[in-house]
Amino acid sequence: MSSSAITRHENELAAYAEWEWNYAQLAAFVRQRRHCNLGEHPLGEWLRRQQNAVVAGRLSEERQQRLAVLGISFEPQDGAWDAMFRRLRQCLKRQQVPLKKSREQWLPEAPDEDLAAWLGEQRQIHSQGLLRADRLRRLQPLKVLGNSRKYQEKENKPLKSDVSWEARYSELCDFSGQFGHCDVPKAYAPNPPLSNWVSMQREKQKRGKLDRSRYERLDALGFAWFAKNRRSGRCWDQRFAELRAFKQKHGHIRGVKEMGKQLFSWRNTQRGLRREGKLSAERIARLDAIGFEWADPRLQGLDPKIGWERRWEFFFDQLKDFKKQHGHTRVPAGWRENKKLATWVMEQRKARRRGILPAKRQKRLEQIGFDWKPPGRKRVGPPPPKPEPRYTTLWNRLFAELQAFHKKHGHTRVSPRDGAPRHLIAWRFTQQDKYRKGKLSAERIAKLNAMGFEWESPGRDGRTRWEMWQGGWDAMHEKLARFRRAHGHCRISSQDPVNSVLGRWAAKQRAAKRRGALNPKRVARLNALGFEWNPPVGLTLQKTLPPVQKRRKS
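Because the structure is predicted, anything quoted here is derived from the model rather than measured.

A. Local environment of the overall build of the protein. The number of helices and strands found in the protein is 24 helices and zero strands. In the protein, which comprises 554 residues, the proportion classed as buried is 33%. Looking at the protein alone, contacts between residues at least 24 apart form 53% of all its contacts between residues at least 6 apart. When the accessible area of the protein is evaluated, it comes to approximately 36900 Å², of which 51% is carbon and sulfur surface.

Take a look at the structure:
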């Protein structure tokens, strides 16, 4: 086998493993959430590539059927497309875009970024000749698509991209004839553009955007659709070493609990690859050397689907015999006389809870009176005490911290001046607020009263924190009004030695307005005073400070 054939075989194995892994993740997602609306999930991009591959005719029927079982629809979603088309017509009318060639490059402006992305996608699909005929008829009168490859071929005007692609393809043919393969190294020194072009073809094929005719020409040349991945080989060797060590220790390669999920899944992948003829002879020989079991011994050499079906029927017959003998189907867990039957019964209950038990099997089990929820074992003795709620534990811990503070300082007015932590200060305010709102339990009120907790801070007079903050803002606003009456403007600097506090307050209002965090009512009140939100630099300090007297020369 030539090196190019080996590389192509390895790439196919990598592609197969990647597809199977993504499919398993998608199946787990559907089982867990009972829908296939991926949204922003990382699998969304992979699923879109599969849908594009269906449109381009590059996804096998077998894979389409497997995706359809999960509820994946390959039918075009016309509802969303129609909504975007209506928005496009309204946008063209609103922005009064002239019906000229400039529309071919035009894109909607903010706030229609999503519409611009949709229009760009339609142009790209149209350039590849994949736009549906009915949609093309609706978009053509708007003059927003431009000439596609199909129309330029009719006019015998080849695209510049076609000429460039053919040139690179010719260079790749020369490379293949010289080295016997098409795996152009990354940053290929003799021809860097060829290396970049090869990477671009792989990326387009991965996203399902490579033209069908180009894909066939590259594939016939033996194109390496996946770059040679030495890391993948190292990963296979690592799993092989783990499997060999497990076999030497246990004498078999069965049991997901003993092997671990990753090694167990890798073992099953090797079996599947060999059944499909996609496992190299070298790896088959290495696995045979350690006594690898290519089929589950319980299947007795049958096809997995037929074997598992016969296994289910075998234990179902045993369960019917168990019911004839005992009068019920409640096989005890770990039943010594037939542990395998007890395990099988638990598997059926677990499969039904997860929603993966076929309806036919569930119906047959219910016909013989299968107990899906058997009575549990009776508890001996009193029930264990319930654990304390998490927030109760947190409250008690902070209460203990407040007790320690009270013992040290003689009061409960925790503040940064006393070295109290911020979380304890916030907790004290929270207890006061809950007490005013009637949301604090009588038990906690009694515990705080026993310590002498102060429910009102000095000078608060029953006001809430928001009312106190509002009162402070009103006081500073009144000072600013007096400053304006005295000076005729509000350009006060934070460096003014006389009004430094008021200057810093004014600077904070400007910063809050820039962030969009200043209340509109406060903005209106400041505007009524003629407050300058962007005062000239240096002018504020000059007008608020007294003039500097020059020293006389002696």
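B. Representation of helix α3 (residues 61-69) within the structure. Burial in α3 covers these residues: Arg-63, Gln-64 and Leu-67. The arc that holds every buried residue of α3, seen down its axis, measures 100 degrees, which confines them to one face. For α3, exposure combined with an orientation more than 90 degrees from the buried face picks out Glu-61, Gln-65 and Val-69. A positive phi of about 95 degrees marks Gly-71, the residue just after α3.

C. Just the packing of aromatic side chains, in detail. Per the stated rule, a full pass over the model turns up 19 aromatic pairs. An aromatic cluster is built from Trp-312, Phe-314, Phe-315, Phe-316 and Trp-344, whose rings are joined through pairwise contacts. Cation over ring: Arg-66 sits above Tyr-23, and NZ or CZ is 4.3 Å from the ring centre. Over the ring of Trp-533 we find Lys-513, and its NZ or CZ is 5.2 Å from the ring centre.

D. Fine view of the pattern of salt bridges. Going through the model one piece at a time under the given rule, you end up with 16 salt bridges. Note that Arg-66 and Glu-62 form a salt bridge whose closest N and O atoms lie 3.6 Å from each other. Taken together, the residues span about one helical turn, with Arg-66 and Glu-62 both in helix α3 at a distance of four residues. The partner of Arg-330 in a salt bridge is Asp-371, and the shortest N-O contact between them spans 3.2 Å. Within this pair, whereas Arg-330 is found in the loop between α15 (304-326) and α16 (339-354), its partner Asp-371 is found in the loop between α17 (359-367) and α18 (390-409), the two being separated by 41 residues in sequence. With relative accessibility at 36%, the residue Arg-330 sits in the partly exposed group.

E. Here's a closer look at helix α22 (residues 500-515). Taking 1.5 Å of rise per residue, the 16 residues of α22 would be expected to cover 22 Å, and the 23 Å separating its terminal C-alpha atoms lies within 8% of that figure. Considered for burial, the residues of α22 that qualify are Leu-502, Gly-503, Trp-505, Ala-506, Gln-509, Arg-510 and Ala-512. Looking one or two residues past α22, Gly-516 carries a phi angle of roughly 80 degrees, positive in sign.

F. Main features of a positive patch on the surface. There is a patch of like positive charges on the surface, built from Arg-31, Lys-261, Lys-350, Arg-353 and Arg-354. It is α16 that contributes the most residues to the positive patch, three residues altogether. Checked against the element boundaries, Arg-353 lands in helix α16. The class of Arg-353 is exposed, set by a relative accessible area of 62%.

G. Local environment of the side chain of Thr-412. For Thr-412, the location among the structural elements is in the loop between α18 and α19 (422-437). Under the relative-accessibility criterion, Thr-412 is labelled buried at 0%. At a separation of 3.4 Å, a polar atom in the side chain of Thr-412 contacts the main-chain amide nitrogen of Glu-454. Residues in contact with Thr-412, not counting those within four places in the same chain, are Leu-402, Phe-405, His-406, Arg-428, Met-451, Gly-452, Phe-453 and Glu-454.

H. Examining the environment of Ala-245 more closely. If you trace the backbone, Ala-245 turns up in helix α11 (residues 230-250). Assessed through its relative accessible area of 43%, Ala-245 is described here as partly exposed. Each C-alpha atom, one on Ala-245 and one on Ile-290, is 9.9 Å from the other, the two residues being 45 residues apart in sequence.

I. Layout of the state of the cysteines. Scanning the entire structure with this criterion turns up zero disulfides. Distance from the sulfur of Cys-173, which forms no disulfide, to the nearest cysteine sulfur (Cys-182) is 7.5 Å.

J. Structural context of the confidence of the model for the protein. Summary statistics for the protein give a mean pLDDT of 77 and a share of 80% for residues scoring 70 or more. Long-range and interchain partners of residues 149-157, a stretch whose pLDDT sits below 50, account for 11 contacts in this model, where long-range means more than four residues apart. A low-confidence stretch, residues 539-550 stays under pLDDT 50, and its non-local contacts, those more than four residues away or across chains, total 16 contacts.

The rules behind the values
- Residues numbered from 1 in each chain as written.
- Predicted model: local features only at pLDDT ≥ 70, side-chain atom pairs only at ≥ 80, totals over all residues.
- Heavy atoms only, no water.
- Helix = DSSP H or I, 4+ residues; strand = E, 2+ residues; numbered from the N terminus.
- Buried < 20%, exposed > 50% of the residue type's maximum accessible area, 1.4 Å probe, protein only.
- Contact = heavy atoms within 4.5 Å.
- Areas by Shrake-Rupley, 256 points an atom, 1.4 Å probe, with all protein chains shown as cover.
- Arc of directions from axis to C-beta.
- Phe/Tyr/Trp six-rings, centres within 6.5 Å; stacked < 30°, edge-to-face > 60°.
- Lys NZ or Arg CZ within 6 Å of the ring centre and 35° of its normal.
- Salt bridge = Lys/Arg side-chain N within 4 Å of Asp/Glu carboxyl O.
- Expected span 1.5 Å × (residues − 1).
- Patch = residues over 30% accessible without salt bridge, like charges linked within 9 Å, V, L, I, M, F, W, Y side chains within 5 Å.
- Lys, Arg positive; Asp, Glu negative; His and termini not counted.
- Charge placed at Lys NZ, Arg CZ, Asp CG, Glu CD.
- Polar contact = N/O pair within 3.5 Å; in protein donor to acceptor, adjacent residues only side chain to side chain.
- Disulfide = S-S within 2.5 Å.
- pLDDT = per-residue confidence, 0-100.

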